[in-house]
Amino acid sequence: MNGDDYIERLSSAFERIGSWSYDHRGTVLAASLGVLALFVLAASFARFDNSFENYFDTDDRVYSAYNRYRDDFGSDETSYILYEVPGKPHGPWNLEVMRRIQQLTETLEEEVPFISEVTSLANVEFMEPVDGGLEIFELLEDFPDDQAALLEIRDKVLLKPLYVGGLVSEDARHAAVIIEMEKSSVDPLDEIRFDPAGGDGFGNLYPQVTYEKIEEILARPEYSDFVFYHTGDVPLNAVINLVTASDSAKLGGITFLLIALTLLFFFRRPIGVVGPLAVVALSLTVSIGTIGLLGWNLDLVFGMLPNLLIAVGVADAVHIVSEFRSYHSKLGDRREAVRRTLYLVGPPCLLTSLTTAAGFAAMAIAPIKTLAHFAVYAAVGVLAAFALSVTLLVVFLSLGRRRHKRATIDRELIEAKGGRFFERALRAVADFDVSRRWGIIVFFFGVFVISIIGMTRLRVDSNFMTDFSEEMRVRRDTEYADEVMGGTNSFVYLFDTGEPDGIKEPAVLREIERLQLEADQQADVVRKTFSIVDLIKDINQTFHDGDTSYYVLPETRELVAQYLLVYEMSGGDELQDYISSDYARAALDLRCKWVESSRIDRMADQLQDYLTDQPVRTAELSATGIGALWVQLMDYITQSQLRGFLAAFSVITLLMCLLFRSLKTGLLSMIPNLSPVILTLGVMGWLGIPLSYTTLLVAPVAIGIAVDDTMHLVTRYRYEFMRSGHYAQALALSLNDVGRALFITSAVLVLGFLVSLLSSMDSQATFGVLLASTIFVALVANFLLLPALILTFKPFGPESDSASELPSP
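Quick caveat, the model's predicted, so the values are computed rather than measured.

**Student:** Can you tell me about the sheet that holds strand 2 (residues 115–119), naming the residues and giving the values?
**Tutor:** An order of 2-5-1-6 is seen for the 4 strands of this open sheet, with the pairing classed as antiparallel. If you trace the sheet from one side to the other, it starts and ends with strand 2 and strand 6 (227–231), each paired once. Neighbour-to-neighbour, the strand axes of the sheet open up by a mean angle of 15°, direction not taken into account. The pairing of strand 1 (residues 78–84) with strand 5 (residues 175–181) spans 6 bridges and is classified as antiparallel. Within strand 5, the position partnered with Leu-82 by the bridge is Ala-176. This element, helix 4 (residues 95–111), spans strand 1, strand 2, strand 5 and strand 6 of the sheet and lies at about 175° to strand 2. Strands in contact with helix 6 (residues 208–218) are strand 1, strand 2, strand 5 and strand 6; relative to strand 6, the strand with the most contacts, it is inclined by about 175°.

Listed below in structure tokens is the structure:
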């Protein structure tokens with residue numbers, strides 16, 4: 001079967017699909033409603049979750065280490081409430097303020113769900129020496145009678161390094177309440193459901209209910225003169241869940257409205273609006289239902305889907321509606337117009353859907369789990385949009401009456417082609433391509449060179465905090481807490497001695513202390529460090545009447561064991577924060593600022609260089625914690641960008657060559673699709689915009705979308721060339737027929753992606769602008785570079801005086 005037979009058979013198949021859908025529109029409508037009901041039900045099983053569980057496979061080496069750490073030390077998720085009281089003398093150490101902090105601590109313990117412990121200056125564990133041992137008590141167990149007594153307690157606390165930078169700032173102007181959680185965002189659903197009968201909406205699940213209760217308590221009138229800065233895992237995860245849900249609904253609605261107005265402006269008929277949007281709404285439902293059916297979660301990356309699928313899903317419908325209007329204006333018969341439309345437009349719509357779906361699906365090989373999931377449900381949505389465009393859309397096109405008046409037909413035909421303005425503009429583009437084809441090629445070559453140089457400056461980096469808009473309170477609170485106190489991002493070194501009680505060895509403790517002191521030198525990132533070493537030093541100092549010269553490690557294993565035994569017998573209960581229950585493993589926790597992952601990576605590299613020169617010999621050492629996961633995520637981004645783009649480009653190029661049955665045509669068609677991607681990545685490099693876990697999607701997604709217009713133009717160009725035998729004439733005819741549809745689809749895509757500027761997440765806004773810019777450049781490349789290449793290299797064969805006989809649709 002040659003290329004012409006192949007396209008002809010596809011065209012005939014779509015001609016029959018169009019006729020059947022028209023004749024059985026009741027069946028098509030009923031089936032569509034059934035699909036809608038099924039996937040709405042499936043979508044109800046999907047829930048919002050932005051935890052690290054969504055980014056890593058459970059067998060990932062770094063994530064496995066993180067889970068082992070959590071097995072020993074429990075959930076590492078916290079709410080960290082920094083506070084100051086500007087109008088009060090002595091700030092947090094004001095007597096009346098401290099009474100309310102005591103009340104706040106008790107209220108949080110009693111009312112907030114899913115917590116394991118609340119620690120504040122009112123109840124923090126404090127040690128003092130007594131004859132033969134230690135006395136361990138809550139700091140304000142006996143509440144002081146006057147301000148002077150409280151200030152004496154303040155002075156004692158400020159001498160304890162264990163508390164400074166965690167519970168109280170060095171200048172004593174700020175203090176904190178630390179809420180440790182008993183649950184984690186990745187725990188099974190039935191364990192994080194607040195009201196067993198309340199359903200699985202995220203408003204009834206941890207961390208949402210925990211965050212909202214804390215916020216409600218902090219907003220009570222009795223704390224109106226406090227300034228709270230609420231940060232930590234709980235507010236960050238909860239706010240992202242809220243933003244993901246609200247942005248999906250808000251931006252999706254705005255995109256729908258904007259695209260509806262755009263379609264109404266171009267088509268001037270309700271059918272040109274309602275039909276495409278119905279297709280998009282149902283395909284979006286299919287995507288979300290797929291997430292539910294596969295047991296996946298709605299996460300931050302999912303937030304890109306509504307805008308993406310609304311914009312992409314409408315493209316096939318625009319081409320079909322545009323062609324239908326032309327035929328209906330000529331023929332006045334809706335069934336015949338549908339038949340001829342799908343004969344001509346069906347094959348390129350299929351091919352564009354396949355290439356777009358392939359562009360998305362290529363990311364399924366990404367090592368970042370949430371991106372691999374996105375690749376699947378986005379591809380499913382694209383294919384669903386195509387299937388609905390050649391079935392359900394026909395139902396909408398069948399509605400209305402026929403028109404036979406000659407004047408009406410002529411007027412509508414001109415309007416269907418875009419009016420005189422579009423005709424003249426597209427003719428001018430064709431003339432420019434013919435007369436300036438070498439100039440166009442040279443210009444784009446220069447752009448390629450400059451862009452490739454920019455790509456060499458591209459860097460992989462991410463800062464989770466800058467995903468949030470600067471106007472968002474959780475970002476301001478976190479950045480302020482990072483500056484005032486210890487950081488809120490955790491990078492952990494786990495020391496595993498491999499035997500019970502191994503941590504009690506002074507040699508092991510000195511190794512921990514040595515690495516801890518080295519980490520303290522990374523002051524631009526590391527704000528504070530915690531380990532069992534700090535607690536043992538504090539015990540030693542306490543045994544010696546608070547003498548700071550004894551804030552050192554004991555010399556013998558026996559003394560270490562004795563200190564720990566006395567500590568536990570005296571009621572101390574903080575050991576589980578530092579060591580495993582069998583004393584075999586200990587954690588060194590580096591509290592870092594939320595900075596660029598490259599800075600965390602550099603800090604980890606410097607510490608690794610130190611450990612290479614002076615290795616730990618008494619225990620097996622591994623890095624874990626949220627900070628280590630971010631470093632690993634950056635490595636995955638580098639791999640995903642390269643793999644995703646190469647896979648998308650390779651798959652789409654192969655499809656183009658197979659579909660056109662020509663290596664030359666397929667390769668030429670890909671050049672205009674490379675240009676917008678290379679230009680966008682080059683601009684990112686020149687402007688210093690890093691590749692993050694969101695912007696890495698730009699290249700594979702853009703190439704999958706940009707190829708749509710190329711497919712429609714090349715298919716029509718080839719069709720017109722086979723009829724006319726002349727490249728210049730075929731170009732004018734093809735641009736006149738599909739140029740307006742290409743412009744409309746690109747306008748819809750650009751406007752749809754620019755809606756992301758309204759997102760509360762800066763990362764989403766950046767992604768939308770980059771993708772919109774890429775689509776605009778792709779349109780320019782398809783109108784200029786693609787025709788110039790075809791005119792120059794003549795991939796459809798030599799020109800002739802007589803054209804091939806192609807059947808009319």
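**Student:** Describe the sheet that holds strand 9 (residues 585–592), with residues and values.
**Tutor:** Spatial strand order, 8-9-7-10: 4 strands in an open sheet with antiparallel pairing. The open sheet has two edge strands, strand 8 (526–530) and strand 10 (620–624), and neither has a second partner. Neighbour to neighbour, the strand axes of the sheet diverge by 20° on average, direction disregarded. Alignment of strand 7 (residues 489–496) against strand 9, held across 8 bridges, turns out to be antiparallel. Opposite Phe-495, over in strand 9, you have Ala-586 as the bridge partner. Across the sheet, helix 20 (residues 597–613) is in contact with strand 7, strand 8, strand 9 and strand 10; its angle to strand 7 comes to roughly 25°.

**Student:** With reference to specific residues and values, describe a negative patch on the surface.
**Tutor:** Together, Glu-106, Glu-109, Glu-110, Glu-135, Glu-138, Glu-141 and Asp-142 line one region of the surface with negative charge. Those elements that place two or more of their residues in the negative patch are helix 4 and strand 4 (133–138). In terms of residue count, the dominant contributor to the negative patch is helix 4 (3 residues). Residue placement: Asp-142 occurs in the loop between strand 4 and helix 5 (147–157). Overall, the relative accessible area of 65% leaves Asp-142 in the exposed class.

**Student:** Go over empty space enclosed by the protein, please, and point to the residues and values.
**Tutor:** It is a probe the size of a water molecule, rolled over the atoms, that shows where empty space is left. For the coordinates displayed, the defined rule picks out 8 cavities of 30 Å³ or more. In this structure, the second largest cavity occupies an estimated 130 Å³ of space. Considering the residues around the second largest cavity, the lining is formed by 17 residues, among which Leu-251, Gly-303, Met-304, Ser-756 and Gln-764 are closest to the centre. Elements that contribute at least two residues to the lining of the second largest cavity include exactly helix 7 (233–267), helix 9 (305–331) and helix 25 (762–783). Sorting elements by how many residues they give to the lining of the second largest cavity places helix 7 first, with 5 residues. Looking at side-chain class alone, the lining of the second largest cavity contains 8 nonpolar, 8 polar and 1 charged residues.

Quick notes on the rules
Residues numbered from 1 in each chain as written. Predicted model: local features only at pLDDT ≥ 70, side-chain atom pairs only at ≥ 80, totals over all residues. Heavy atoms only, no water. Pairing = 2+ DSSP bridges. Helix = DSSP H or I, 4+ residues; strand = E, 2+ residues; numbered from the N terminus. Axes fitted to C-alpha atoms, helices over the stretch in contact; angles between N-to-C directions. Contact = heavy atoms within 4.5 Å. Patch = residues over 30% accessible without salt bridge, like charges linked within 9 Å, V, L, I, M, F, W, Y side chains within 5 Å. Areas by Shrake-Rupley, 256 points an atom, 1.4 Å probe, with all protein chains shown as cover. Salt bridge = Lys/Arg side-chain N within 4 Å of Asp/Glu carboxyl O. Lys, Arg positive; Asp, Glu negative; His and termini not counted. Charge placed at Lys NZ, Arg CZ, Asp CG, Glu CD. Buried < 20%, exposed > 50% of the residue type's maximum accessible area, 1.4 Å probe, protein only. 1 Å grid on protein atoms, 1.4 Å probe; cavity = no way out; pocket = protein on both sides within 12 Å on 5 of 7 lines; lining within 4 Å. Points joined across faces, edges and corners; volume = space filled by probe spheres on them. Nonpolar A, V, L, I, M, F, W, Y, C, P; charged D, E, K, R; others polar.

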